[in-house]
Amino acid sequence: MATRITFRVDGKDETVTVDPDMPLLYALRDDLGLDNPRFGCGLAQCGACTVHLDGVPTRSCVTPTSAAEGRAVTTLAGLGTPERPHPVQQAYIDEQVPQCGYCINGWIMTAAAFLRDNRDPSEAQIREALTGLKCRCGTHMAILRAVKRAASLA
Amino acid sequence: MTLRLSRRAALRATGALVVTVAAAPGEAPAQPAGAGAPLSPLPPPGRLASYVAVHADGTATAFFGKIDGGQGLDVAIAQIVAEELDLPPARVRVVMGDTARTVNQGGASNASGVSQGAVPLRNAAAEARLMLVEMAAARLGVPPGALRVEDGTVSVAADPARRVTYEELIGDRRLDAELRWNGRYGNDLNVEGRARPKPIADYKVVGTAVPRRDIAEKVFARHAYVTDIRLPGMLHARMLRPPVAGARPVAVDEAPLRAIPGARAVWKEGFLAVAAPREWDAIRAAAALKVTWSEAAPPFPEQAALYDHIRNAPATKRGVPLQEGDAPAAIAGAARVVAAEYEWPFHSHSSMGPGCAVADVRPEGVRIWTGSQKPHAVRDGVAKFLGVPPETVHAVWVTGPGSYGRNDAGDTPFDAAFLSRELGAPVRVQYTRHEGHGWDTKSPASVQRVRAGLDAEGRVVGITFESKAFSRTNIATSEADPRDSLASQVLGGGLNPQDTYLFPGDFVPTEPYAFPARLMAWETIPPLLDRASPLRTSHLRDPLGPELIFAAESFVDELAAATGADPVEFRLRHLREERDIAVLRAITERAGWEPRPAGPRGAPGDRARGRGVSLARRDGTVVGLVAEVEVDRGSGAIRVRRMVVGQDCGLIINPDGLRRCVENALIYGTSRALREEVTFDRNNVTSVDWATYPILDVAEAPEAVEVVLINRPDIRPTGAGEPAVRTAGAAIANAVFDATGVRLRRGPFTPERVRAALAGA
Ligand code: FES
Ligand code: FES
């Protein structure tokens, strides 16, 4: 049964009328036209669909849209802009990280939340925080350089 | 006819043709023109304007008939075109992979983007510059030889105040000229004009670090992928695949779809899909549809029997790419024989996102949006599949979720085109994760048998290297023939399998070494299931590199160990070409390699450390790797501590981009060696997601990777993005031997397998 669900996305109030069990990923992509969270697996295994839900990195492919009711969603597009880049975005550019780039929502959104809560992380802590995310192009080393750089920028 | 004559006359007069057709600058629309728009005529291969346009605002566009999968190939093309035009690279835009706007240069293929793909663009740009200089000479009243060009301004060398810019020369006209086309399409396409490209010694832009263009767009979520294409009235579709490979639907109950708005099934022979206006509804419909599948006989052996199956299967074809001397006789007469067999499993593309395509099939023409790295082949294949002329099919490449060869992206355009025709609407097909792992083409599993004879002094007298494997091209590497698509195969179309393994003229294992007698041979075996198989085989990133170099460079290490030699010294003793030697020296010096025979030292502790080396060629590129590992004897886990990778791929166009390409390729190769293996049971593939097909995690990534690049300005650039993939397996296995004295001869080197090998030692 389609239901009205209201939440904030990247600072804007939005309402969608959808099956409340539909994963948030499809509400963002298909109802709101926000393409940047991506479908990678639909199984919470890769991170391509990651957004922040009230600041917490969340895999939108397995999160029912109803779980977003009244809450704040931040996507990669809302994290920063070319004029005001988030430190992780800036570091990603400085380090020229992505190859295909299809994976980056997972890495950037997870790293952004991690660095917010951990000011001066060790390399081992960074690896631990990012474990489980997938990058098929093999940009692992550049990702680690970028997150370390972002830690020093933040 | 008159027009033709006058064109010729114009050409004779000036060597150039300038016609008054305004070209639109700011080409490259992010979203292709809407469906139903008339198809424009194809760019002719023998014309300058098909490759390079110089615009009234002083910018230029390069039309590149390949694509960039995120390795910065477009930047390298911009650099090369900018170099010839004497423009800053920022003023050169690159249009890629649109069949209506670029000539078929074969798409991304064999890491040939720069080595082959850049050549016609370079030549066309040189011709354009010559024409502009001739126009300036006429305008300024001096001979062309008295002019110089800098940043798009042509000036008199002796009197720089006399000058004219490209903008002023072009005005609203369009630069064009006839070029000599070599009559080839694809990787080998080339054109030449009157102009000579710049000597490399004069390069200013090529060889400098230029940042990628797509990165900021991607990082700020402004880059469109093929998954983001939406058309008015578009339907979302999902495919249904059988639980037992080879089974077909025998009954389909659509009743459960009635509860889902607009959902419907499309069933024809083995082709079964659902479609709905909303994506979530298509996903729900796929789950709801009740399908009865035919009782198919289990097509596969038990996985544990895979390598025995390969050994025992009848050979369908044999090839001998290299025969020097009589290696079997030399081995038979040798003082000592060293022999080993190496096994390598099927690997999956498992791209970051599963395949996706959008098709709009109408009577007046067909449009396809594809992430396939060969959009021209998609055009030709879909045209044949639908039975329409290729000129009426317009395929547009849009960045896909990773592409490393003929992956599942190559099947989706056929599904989408079939569904669009059946449903009379534009259709977007996206595969599931299960299909991206379980139903993509696989790299072929193989067994390599290697034997060598040593004389009394420990010198190699002969070597034989024999591969037995599934074909590398059961499915062709391009989409140009629809019989290679899943859609055609489930619809009962014919087959197009090729039995190939090593190509003549391709790289051969142990190539760099001056062994006196060599025999390199291969045999292919029949596929386990001849059509629509989840284990059908084709090209995957660095085709055959990981398995063959794992075997060859492990074996060279075994020879070094058998003769008590240091693995690097042993290699240096047998290398003959300076480029191979230079790479090996560069990486071992950087790694601080101390000569000694490989093998464990001191009392065995819980954690054993070792180092290993590998060296390989790939189509003119030389790569080498030193890997330092730590083996946990208890768990069997291999920790890669440090990797020093060296590469010589001729002239370096963009050192920053190259460094990252090499590093990514190495990490990917490490993933394949340490983690990856397609699993299956008698019925089907069982590695169907990231949990069942693990890849290298960031927590397991090497502690440090160092990239050593060797620039060869006098050697044309060769493939850069794939060679390092092949170095990982042998260097890691050799390092494990150094640490523990145990040889790993089967990939991947999972903890369980290492533990078993240690227990058996
Ligand atoms: S798409 Fe959500 S985790 Fe993979
Ligand atoms: S950059 Fe391609 S998957 Fe990470």
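Residues numbered from 1 in each chain as written. Chains lettered and ligands numbered in written order. Predicted model: local features only at pLDDT ≥ 70, side-chain atom pairs only at ≥ 80, totals over all residues. Heavy atoms only, no water.

Participant: Could you give an account of unusual backbone geometry, naming the residues involved and the relevant values?
Facilitator: With the exception of glycine, most residues fall at negative phi, and the peptide bonds are largely trans. All names here are of chain B. Between Gly747 and Pro748 the backbone carries a cis peptide bond, its omega angle lying at -10°. Note on placement: Pro748 falls in the loop between helix H17 (728–740) and helix H18 (751–760). Despite not being glycine, Ser350 shows a phi value in the positive range, around 35°. Its identity is not glycine, yet Asp542 carries a phi of approximately 60°, on the positive side. As for its position among the elements, Asp542 is in the loop between strand S26 (518–525) and helix H13 (545–562). (Helix = DSSP H or I, 4+ residues; strand = E, 2+ residues; numbered from the N terminus.)

Participant: Can you tell me about the packing of helix H16 (residues 655–674) of chain B against H17 of chain B, naming the residues and giving the values?
Facilitator: Residue and element names in this part refer to chain B. Orientation of H16 relative to H17, taken along the N-to-C sense of each, is 60°, at an axis distance of 8 Å. Judged by the angle between their axes, H16 and H17 are oblique. By crossing handedness, the relation of H16 to H17 is classed as right-handed. Residues Leu666, Gly669, Thr670, Ala673 and Leu674 of H16 form the contact with H17, whose participating residues are Ala728, Gly729 and Ile732. Residue classes in the contact of H16 with H17 are distributed as five nonpolar, three polar and no charged. (Axes fitted to C-alpha atoms, helices over the stretch in contact; angles between N-to-C directions. Parallel < 35°, antiparallel > 145°, perpendicular 65-115°, else oblique. Left-handed = near helix turned anticlockwise from the far one by under 90°. Contact = heavy atoms within 4.5 Å. Nonpolar A, V, L, I, M, F, W, Y, C, P; charged D, E, K, R; others polar.)

Participant: So what's going on with the sheet that holds strand S28 (residues 621–632) of chain B? Which residues, and what values?
Facilitator: Residues and elements named next belong to chain B. Taken in spatial order, the four strands of this open sheet run S27-S28-S29-S30, and their pairing is mixed. With partners counted over all chains shown, the strands left at the sheet margins are strand S27 (607–618) and strand S30 (704–709), one partner each. Taking each pair of neighbouring strands and ignoring which way they run, the sheet shows an average axis angle of 10°. Judged from the 10 bridges that link them, S28 and strand S29 (residues 638–648) form a sheet pairing that is antiparallel. Residue pairing in the sheet places Ala627 in a bridge with Met643 of S29. (Pairing = 2+ DSSP bridges.)

Participant: Quick one: what's the story with the domain arrangement of chain A, residue by residue and with numbers?
Facilitator: In many reports, interface size means the accessible area that the parts give up when they come together. Residue and element names in this part refer to chain A. In terms of domain boundaries, chain A breaks down into domain 1 (3–78) and domain 2 (80–153). Each of domain 1 and domain 2 has a C-alpha centre, and these two points are 21 Å apart. Facing the 19 residues of domain 1 at the interface are 15 residues of domain 2. Interface area, domain 1 with domain 2, both sides summed: about 1,300 Å², of which 54% is carbon and sulfur. For the pair domain 1 and domain 2, the number of links is zero salt bridges. (Domains from an automatic or database assignment. Buried area = accessible area lost by both parts, 1.4 Å probe. Salt bridge = Lys/Arg side-chain N within 4 Å of Asp/Glu carboxyl O.)

Participant: Any chance you could break down the interface of chain A and chain B for me, citing the residues and the numbers?
Facilitator: Residue-level contacts link 56 residues of chain A with 64 residues of chain B. Here chain A meets chain B over a buried area of about 4,800 Å², counting both sides, of which 55% is carbon and sulfur. If you sort the residues of chain A by the area they bury against chain B, Gln96, Gln99 and Arg136 of chain A come out on top, with a joint share of 19%. The residue Asp228 of chain B makes a salt bridge to Arg29 of chain A at a minimum N-O spacing of 2.9 Å. Among the elements that line the side of chain A that touches chain B, the one with the most residues is helix H6 (residues 140–153) of chain A, at five residues. Taken together, the residues that form the side of chain A that touches chain B break down as 30 nonpolar, 14 polar and 12 charged.

Participant: Which residues make up the sheet that holds strand S5 (residues 147–150) of chain B, and what values do they have?
Facilitator: Residue and element names in this part refer to chain B. The sheet built from three strands is open, its strands ordered S5-S6-S7 with antiparallel pairing. Of all the strands in the sheet, the pair left with one neighbour each is S5 and strand S7 (159–165). For this sheet, the mean angle separating the axes of adjacent strands, direction not counted, is 30°. Contacting S5, strand S6 (153–156) and S7, helix H3 (residues 118–140) runs over the sheet at an angle of about 125° to S5.

Participant: Tell me about the environment of Ala757 of chain B, residues and numbers included.
Facilitator: Residues and elements named next belong to chain B. Topologically, Ala757 is positioned in helix H18. It is 7.8 Å that separates the C-alpha atoms of Ala757 and Arg743, two residues lying 14 residues apart in sequence. Those residues within four positions of Ala757 in sequence are excluded, and the remaining contacts are Val742 and Leu744.

Participant: Could you give me a rundown of empty space enclosed by the protein, with the residues and numbers involved?
Facilitator: Scanning the entire structure with this criterion turns up nine cavities of 30 Å³ or more. The computed volume of the largest cavity comes to approximately 60 Å³. Lining the largest cavity are Asn36, Arg38, Leu76, Gly101, Ile104 and Asn105 of chain A together with Glu217, Lys218, Ala221, Arg222, His223 and Tyr225 of chain B. Elements with a minimum of two residues in the lining of the largest cavity: helix H4 (104–117) of chain A together with helix H5 (214–219) of chain B. (1 Å grid on protein atoms, 1.4 Å probe; cavity = no way out; pocket = protein on both sides within 12 Å on 5 of 7 lines; lining within 4 Å. Points joined across faces, edges and corners; volume = space filled by probe spheres on them.)

Participant: So what's going on with the domain arrangement of chain B? Residues and values would help.
Facilitator: Residues and elements named next belong to chain B. Under the domain assignment, chain B is made up of domain 1 (48–219), domain 2 (227–296 + 355–431) and domain 3 (303–349 + 443–525). Every contact between the two is made by 24 residues of domain 2 and, on the other side, 17 residues of domain 3. Across the domain 2 to domain 3 interface the summed buried area is about 1,700 Å²; carbon plus sulfur atoms make up 62%. At the surface where domain 2 touches domain 3, the tally comes to zero salt bridges. Within the residue set of the side of domain 2 that touches domain 3, elements represented by two or more residues are helix H9 (375–386) and helix H10 (412–423). With six residues, the single largest contributor to the side of domain 2 that touches domain 3 is H9. Considered class by class, the residues forming the side of domain 2 that touches domain 3 number eight nonpolar, six polar and 10 charged.

Participant: Can you lay out H18 of chain B for me, pointing to particular residues and giving the numbers?
Facilitator: All names here are of chain B. When we look at burial in H18, the residues that qualify are Pro751, Val754 and Leu758. Each buried residue of H18 sits inside an arc of 65° when the element is viewed along its axis, so together they form one side. Away from the buried face of H18 by more than 90 degrees, exposed residues Ala759 and Gly760 are located. On its buried side, H18 packs onto S28, S29 and H17. (Buried < 20%, exposed > 50% of the residue type's maximum accessible area, 1.4 Å probe, protein only. Arc of directions from axis to C-beta.)

Participant: Tell me about the confidence of the model for chain B, and please be specific about residues and values.
Facilitator: Residue and element names in this part refer to chain B. Summary statistics for chain B give a mean pLDDT of 92 and a share of 94% for residues scoring 70 or more. pLDDT under 50 marks residues 1–38. Its contacts with residues more than four places away, or in other chains, come to 61 contacts. This complex was scored by the predictor with a pTM of 0.93 and an ipTM of 0.98. (pLDDT = per-residue confidence, 0-100.)

Participant: Which residues make up H4 of chain A, and what are the values?
Facilitator: In this model H4 of chain A runs 20 Å from its N-terminal to its C-terminal C-alpha over 14 residues, within 8% of the 20 Å that 1.5 Å per residue would give. The complete set of buried residues in H4 of chain A reads Ile104, Asn105, Gly106, Trp107, Ile108, Met109, Thr110, Ala111, Ala112, Ala113, Phe114 and Leu115 of chain A. (Expected span 1.5 Å × (residues − 1).)

Participant: Residues and numbers for the side chain of Gln79 of chain B, please.
Facilitator: Residue and element names in this part refer to chain B. For Gln79, the position within the fold is in helix H2 (residues 73–85). Classification of Gln79 by relative accessible area gives buried; the value is 0%. Here Val205 takes part through its backbone oxygen, which lies 3.1 Å from a polar atom of the side chain of Gln79. At 3.0 Å, the side chain of Gln79 forms a polar contact with the backbone oxygen of Thr208. Setting aside anything within four residues of it in sequence, one finds Gln79 in contact with Val205, Val206, Gly207, Thr208, Val210, Ile653 and Asn654. (Polar contact = N/O pair within 3.5 Å; in protein donor to acceptor, adjacent residues only side chain to side chain.)

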